[in-house]
Amino acid sequence: MPDHMKQRDLLLFYAELYKPPGDAVYEVISHPDFRTELEQASGAALNDCCDLPSLSSLKEEFRSLFSSSSQNGISLIESFYKPWTTDQTAALPFAQSKGMMMGDPAWHMRYLLEEIGLNSSYDPMFYPDHISVILELAAFLLEEQETDKFTLLVSQHLNWLDDLVEAIRKQKKDSLYLKLTELLNKFVNEFTICNQSFDRLKEDSVC
Amino acid sequence: MLKPVSRRSFIKASAATAAAVSLTSFDMHSWMASASADEKAAISKIPTTCNGCSSQCGMIAYTKNGRLWKLEGHPDHPRSKGTLCARGHGYATLIYSKERLEQPMKRMENGKYEPISWEQAFKEIGDKLKEIIKEHGPESVALVQDPRPTGNVYATRFIKALGSPNYYTHHVACNNSRDTGFNHTIGGVPSADIANSSYIMFIGRSYGDGIRPSSMSALAQAKENGAKVIIVDPRKNNTSPFADQWLPIRPGTDLALVLAMAHILIEKDLYDAGFIEDHATGFEEFKKEVKQYTPEWAEKVTGIDAQTIKTIATDMAQLKPKAVIEQSWRGAFGCNYKNSTETGRAVALFNAMLGNIQQEGGYIFGASAGLGDLDPDQFPAPQEPDAVKDGEEDFPLAPRGRGVANIVPLRAKEGKMKAAFYHHSNAALGYGNPEYYKEALNEMDLVVTIDVQMSETALLSHYVLPEPSYMERDDAVDGVGGGTAAVVLRQKAVDRVHPNTKPADEIFTELAKASGVGEYFTFTLEDYNKAAVEPLGITMDELREKGSIPLEDKKAEIGTVPEFNTPSGKVEFASQTFEDAGFNAVPTWIPPLVEPKNGSYRLTTGKQAIHSHTQTANIPMLMQITKDYDLERLWMNRQEAKKKGIQDSDLVEVSSDSASSTVKVKLTDRLHPETVYIPSHYGITSKYLTTAKGVGFSYMEHVPFHFQPMSGCSMIHEVIVDVRKVDA
Ligand code: SF4
């Protein structure tokens, strides 16, 4: 039986990881037990990686990889990796294109957050389908012991991490973010394969 | 250990519970299926306006659940008349583009941009501005924009509030030369009544390339009525399917053609003598001047045979007043040549000789909407600055309100202009030589860009302030002049995608407060809008519902010649104003500034129907059309290419005194041999615009930083280039 609270903490750690780094997240990754705990919580092994950068280097790495203020900033928004809408009635020339904001995933995420009662305080990071928001919602579902909903959320809203991993790899092969995202991807993949989900759902609702 | 101090992106309401959502709704696929089909997911219909180009056509945005779902042309808007063009549809992609500006940014000492808060941005900009004004005076500050309704209200008020007269627009690289010619001749720029005309000449202007839906339908209507259409253009442009004749004129010689046509009207006594008698001055001087401009002379200059010139002039005279030389836009004489202002004058005067002004099928001065304004007792307006706008003394004929925007980098290099605001304007790529702009803007103490994407100008700025896109914000009420004037509103149609953007009205209001002139910005956009519609007897609720309302009591009066907005109140064939400014009172032949020699070419440019300058270059689907059809290629005359051993789609180097570019070539018989032609939409260098960067080259890189003597325009076609095949 997996430890849901450990997994919740794992998700909350990752939610922090994909925001501009500060002291708190740095304290975690520089802790001597970090790797062990991470691997334990995720049930997967971290690929060998680079030396731990200084906090200022980590900040610069985050900026150059993910910030919209850097050229070629990698998107941390789910919609970007998926067709904008599956609504066949949308009569827009770009309706089925990829690479755009506020696609179906954002719309669904916004609905979920509103219905659950998780309201946005103002935060520039707050795009409903930003990876951090998805991870935080996933953590909340574990807290609430809503494991079926957790599995659906993770398998449907984090099934684009292969693309994110690839995008990071293209820009920086020896990035800490790459190794950590690969691990998150392994963790998430456990839930995208139906027969390995820890609280199996009815086949027709997931697969 | 793993759980760090969380900065959660959301706050939990006390009753927050995942039980509020069913498992089925957590399944995105089933939720999407039911939400899309949900009858209650009402489709809203929001009338607004396109921002794909300066036409700002009216459109209906249909939205579903707060997102865009469908677009249509607004049936009551005078420019769309129910239709949007392809780039208007494609441009809407901008709303959901990843490559938008999302938050205010500051250029750090290492040259990189870092996100900052709005509070920090306003404070730092305001403090710097106050310091600059204290030390160098308000005339060391300028504001430049490609005007849109909110900017027309707020940006102009902001610069005035600072005490600076230095307000400028993009027209320096658009139609200021033409307008300078028209303004001092017939007092403004009317529109040709194309639909009702029997004989239409287009000089450089191509409805099939620089599309406006209403113009296309007017031309189609004219053709249906049997109108004759002549295209004068070194390039057989995409209006040619409508044309009866293409005159492949030598570039830069349109003035000679029009002067020779005027010569024919005078020589054969074919002009409207009654109109001239009643409504014109200086005709005798003009007559004397054009005596020398015979068709035979013009043939040598233009390459168009004398008989064709005679025939066209005579045919137009026979059909007057339903014959017209279309007024053009940027076309061939908006800002292109040393002689463009004179071409503008000659074109306006030729139409006057046809007596077509305010006549069906001729030139029509439209009615204006007559919007109201804020009550100055309630909302005090800033005083007119004491100083004269920089550039006005150098170019006294240029349109006063718009000014000469390229004065800003010139004065920056001279150390006189210290701060500049660029709003909805990519001046550094579009108005003048980009290298010059780069050097000049780097000299300034404060450059601020307000835009939706990281343009080349933004990349030369100390601060970049992000606006929401045109469909995520309300704009100021706008009036559209025309046969029937209209009042129009651009309004928010979809939810804001980037929550940390601010619309221009808020940005200028906050900048004003931070700069110590907040007392002029105590009104809201809604206050302004109510004041704007008040004299029209229309409420904002009505305007919000309809989006575009034709003003039936504001119609152009056809058949009655108006008093002209010139010093004499008449058509000025001879202009004292021109003479006072040191130019000839009557239009005179002026050769282009430079001439191609020994196998070199004049570099010319123009529009393609799928793009708007460089504004649309980063829209993936529009750029894909470019890539699919190699639309970024340089056009070259087939015979000329043969002489140089160049074959279709070869890579060539285009070099001028200013730059060198490589691009693929398109060989064609549709181009005058003395010119090579490059579409004007390419050559983006901003690394933030990844779709557009690296496609084609910008003609502006080759244009020297210079000023047209009469209007201050950029003279974008006064460039000579060599073309050679690049060895594999
Ligand atoms: S002409 Fe096309 S791009 Fe321009 S405003 Fe109209 S629809 Fe939009």
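Residues numbered from 1 in each chain as written. Chains lettered and ligands numbered in written order. Predicted model: local features only at pLDDT ≥ 70, side-chain atom pairs only at ≥ 80, totals over all residues. Heavy atoms only, no water.

1. Comments concerning the overall build of chain B
So, step 1. From N to C terminus, chain B includes 22 helices and 28 strands.
So, step 2. For chain B, the C-alpha radius of gyration of 27 Å lies close to 27 Å, the compact-globule estimate for 728 residues.
So, step 3. A principal-axis box enclosing the C-alpha atoms of chain B has dimensions of 95 × 65 × 60 Å.
So, step 4. Residue burial in chain B is summarised as follows: out of 728 residues, 62% are buried. (Helix = DSSP H or I, 4+ residues; strand = E, 2+ residues; numbered from the N terminus. Rg over C-alpha atoms; globule rule 2.2 N^0.38 Å. Buried < 20%, exposed > 50% of the residue type's maximum accessible area, 1.4 Å probe, protein only.)

2. So, the overall build of chain A
So, step 1. Looking only at helices and strands, one finds 10 helices and 1 strand in chain A.
So, step 2. Ordering the α and β elements of chain A from the N terminus gives α-α-α-α-α-β-α-α-α-α-α.
So, step 3. The proportion of buried residues among the 207 residues of chain A is 58%.
So, step 4. Contacts spanning at least 24 positions in sequence make up 64% of the contacts within chain A whose residues lie at least 6 apart.
So, step 5. On chain A, roughly 8200 Å² of surface is accessible, and the fraction owed to carbon and sulfur atoms is 47%. (Contact = heavy atoms within 4.5 Å. Areas by Shrake-Rupley, 256 points an atom, 1.4 Å probe, with all protein chains shown as cover.)

3. Looking at the interface of chain A and chain B
When the parts of a complex come together, some accessible area is lost, and that lost area is often taken as the interface size.
So, step 1. Listed as interface residues are 80 residues of chain A and, on the opposing side, 60 residues of chain B.
So, step 2. Contact between chain A and chain B buries roughly 6400 Å² in total, counting both sides, with carbon and sulfur atoms accounting for 62%.
So, step 3. Our count for the contact surface shared by chain A and chain B stands at 5 salt bridges.
So, step 4. Our count for the chain A to chain B interface comes out at 22 residue pairs in polar contact (both at pLDDT 80 or more).
So, step 5. Ranked by residue count, the leading element in the side of chain A that touches chain B is helix H5 (residues 104–116) of chain A, at 10 residues.
So, step 6. Looking at the side of chain A that touches chain B, its residues break down into 39 nonpolar, 22 polar and 19 charged. (Buried area = accessible area lost by both parts, 1.4 Å probe. Salt bridge = Lys/Arg side-chain N within 4 Å of Asp/Glu carboxyl O. Polar contact = N/O pair within 3.5 Å; in protein donor to acceptor, adjacent residues only side chain to side chain. Nonpolar A, V, L, I, M, F, W, Y, C, P; charged D, E, K, R; others polar.)

4. Here we look at the side chain of Thr49 of chain B
So, step 1. Considering the arrangement of structural elements, one finds Thr49 of chain B in strand S2 (residues 43–49).
So, step 2. Within the structure, the side chain of Thr49 of chain B is placed 2.8 Å from the side chain of Arg490 of chain B, a separation counted as a polar contact.

5. Details of the pairing of strand S28 (residues 720–725) of chain B
All names here are of chain B.
So, step 1. Note that strand S23 (residues 601–606) and S28 share 2 bridges and pair antiparallel. Bridging from a neighbouring strand, Tyr601 pairs with Val721 of S28.
So, step 2. Bridge analysis of strand S25 (residues 651–655) against S28 gives 4 bridges, and the strand direction is antiparallel. Along S28, the bridge assignment pairs Ser655 with Asp722. (Pairing = 2+ DSSP bridges.)

6. Things to note about the domain arrangement of chain B
All names here are of chain B.
So, step 1. Entries for chain B in the domain assignment read domain 1 (18–96), domain 2 (105–174 + 372–544), domain 3 (189–364) and domain 4 (601–725).
So, step 2. Each of domain 1 and domain 2 was reduced to a C-alpha centroid, and the two centroids are 29 Å apart.
So, step 3. Each partner contributes residues to the interface: domain 1 has 25 residues there, and domain 2 has 23 residues.
So, step 4. Both faces considered, domain 1 and domain 2 share a buried interface measuring about 1900 Å² in area, 58% of it formed by carbon and sulfur atoms.
So, step 5. Among the residues domain 1 hides against domain 2, the three largest losses belong to Asn51, Leu94 and Ile95. Together they make up 29% of the total.
So, step 6. In this structure, the connection of domain 1 to domain 2 is made through 10 residue pairs in polar contact (both at pLDDT 80 or more).
So, step 7. Mapped by element, the contributors of at least two residues to the side of domain 1 that touches domain 2 are S2, strand S3 (58–64), strand S4 (67–73) and helix H3 (86–91).
So, step 8. In terms of residue count, the dominant contributor to the side of domain 1 that touches domain 2 is S2 (4 residues). (Domains from an automatic or database assignment.)

7. Observations concerning the sheet that holds S2 of chain B
Residues and elements named next belong to chain B.
So, step 1. Taken in spatial order, the 3 strands make up an open sheet running S2-S3-S4, and their pairing is antiparallel. The open sheet is flanked by S2 and S4, the only strands paired with a single partner. Adjacent strand axes in the sheet meet at a mean angle of 30° when their direction is disregarded.
So, step 2. Bridge analysis of S3 against S4 gives 6 bridges, and the strand direction is antiparallel. Pairing of Lys64 across the sheet is with Arg67, part of S4. (Axes fitted to C-alpha atoms, helices over the stretch in contact; angles between N-to-C directions.)

8. What about the site of the ligand?
So, step 1. Around the ligand, the structure places Cys50, Gly52, Cys53, Ser55, Gln56, Cys57, Leu84, Cys85, Arg87, Gly88, Ile211 and Pro213 of chain B.
So, step 2. When the residues that make up the shell around the ligand are grouped by side-chain class, the tally is 7 nonpolar, 4 polar and 1 charged. (Near = heavy atom within 4 Å.)

9. Quick look at the packing of helix H8 (residues 254–267) of chain B against helix H12 (residues 306–319) of chain B
Residue and element names in this part refer to chain B.
So, step 1. Contact geometry for H8 and H12: axes closest at 9 Å, N-to-C directions at 60°. On the basis of their axis angle, the class for H8 and H12 is oblique. Every pair of crossing elements has a handedness; the one defined by H8 and H12 is right-handed. On H12, the residues touching Leu257, Ala260, Met261, Ile264 and Leu265 of H8 are Ile309, Lys310, Ile312, Ala313, Thr314, Met316 and Ala317. (Parallel < 35°, antiparallel > 145°, perpendicular 65-115°, else oblique. Left-handed = near helix turned anticlockwise from the far one by under 90°.)

10. Digging into the sheet that holds strand S26 (residues 660–668) of chain B
So, step 1. As summarised here, the arrangement of the 6 strands in space is S23-S27-S24-S26-S25-S28 (chain B), forming a closed barrel in which the pairing is mixed. Strand-to-strand twist in this sheet, taken as the mean axis angle between neighbours without regard to direction, amounts to 45°.

11. A short note on helix H9 (residues 176–192) of chain A
Along an α-helix, a turn takes 3.6 residues, which lines up residues three or four apart on a common side.
Residues and elements named next belong to chain A.
So, step 1. Here H9 contains 17 residues, and its C-alpha end-to-end distance of 24 Å stays within 8% of the 24 Å for a straight helix at 1.5 Å per residue.
So, step 2. Burial runs high along H9: 13 of the 17 residues are buried.
So, step 3. Looking at where H9 begins, the residue whose side-chain oxygen comes 2.9 Å from the main-chain nitrogen of Tyr177 is Ser175. (Expected span 1.5 Å × (residues − 1).)

12. With respect to the nonpolar core
So, step 1. Among the nonpolar cores identified, the biggest contains 72 residues, and Met201, Met261, Phe286, Met316, Met353 and Phe573 of chain B are the most heavily contacted of them.
So, step 2. Ranked by the residues each element gives to this core, the list is headed by H8 of chain B, at 11 residues.
So, step 3. In contact with Met261 of chain B, not counting residues within four places along its chain, are Met201, Ile309, Ile312, Ala313, Met316, Ile325 and Phe350 of chain B.
So, step 4. Counting residues in each nonpolar core, the second largest holds 65 residues, with Leu112, Ile131 and Leu137 of chain A together with Val21 of chain B among its members. (Core = buried A, V, L, I, M, F, W, Y, C linked by side-chain atoms within 4.5 Å.)

13. Here we look at helix H6 (residues 176–186) of chain B
All names here are of chain B.
So, step 1. Extensive coverage of H6 is indicated by the burial of 10 of its 11 residues.
So, step 2. Those residues of H6 not exposed but buried are Asn176, Ser177, Arg178, Asp179, Thr180, Gly181, Phe182, His184, Thr185 and Ile186.
So, step 3. Where H6 is buried, its residues meet helix H13 (340–353), strand S15 (363–364), strand S22 (571–572) and helix H20 (576–580).
So, step 4. Two residues or fewer past H6, Gly187 is found with a positive phi of approximately 80°.

14. Brief notes about the pattern of salt bridges
So, step 1. Evaluated as defined, the whole model comprises 55 salt bridges over all chains.
So, step 2. Between Lys172 of chain A and Asp174 of chain A there is a salt bridge, and its shortest N-O distance comes to 3.2 Å.
So, step 3. By relative accessible area, Lys172 of chain A is classed as partly exposed at 28%.
So, step 4. Residues Lys413 of chain B and Glu439 of chain B are paired through a salt bridge, measuring 2.4 Å at the closest nitrogen-oxygen approach. With Lys413 of chain B in helix H14 (residues 407–413) and Glu439 of chain B in helix H16 (residues 434–443), this pair connects stretches of sequence that are 26 residues apart.
So, step 5. Judged by its relative accessible area of 40%, Glu439 of chain B is partly exposed.

15. Looking at the packing of aromatic side chains
So, step 1. Inspection of every chain in the model, using the stated rule, returns 39 aromatic pairs over all chains.
So, step 2. Ring plane angle 75° and centroid distance 5.2 Å describe the contact between Phe187 of chain A and Phe191 of chain A, whose orientation is recorded as edge-to-face. Here Phe187 of chain A and its partner Phe191 of chain A are both found in helix H9, 4 residues apart, which amounts to about one turn of the helix. Note on accessibility: Phe187 of chain A and Phe191 of chain A belong to one class, buried.
So, step 3. Each residue in the set Phe13, Tyr14, Tyr18, Phe34, Phe62, Phe66 and Tyr177 of chain A is aromatic and connected to the rest through ring pairs, giving one cluster.
So, step 4. When the ring centre of Phe578 of chain B is taken as reference, the NZ or CZ atom of Arg345 of chain B above it lies at 3.6 Å.
So, step 5. In this structure, Lys389 of chain B packs its charged tip against the face of Tyr168 of chain B, placed 5.6 Å from the ring centre. (Phe/Tyr/Trp six-rings, centres within 6.5 Å; stacked < 30°, edge-to-face > 60°. Lys NZ or Arg CZ within 6 Å of the ring centre and 35° of its normal.)

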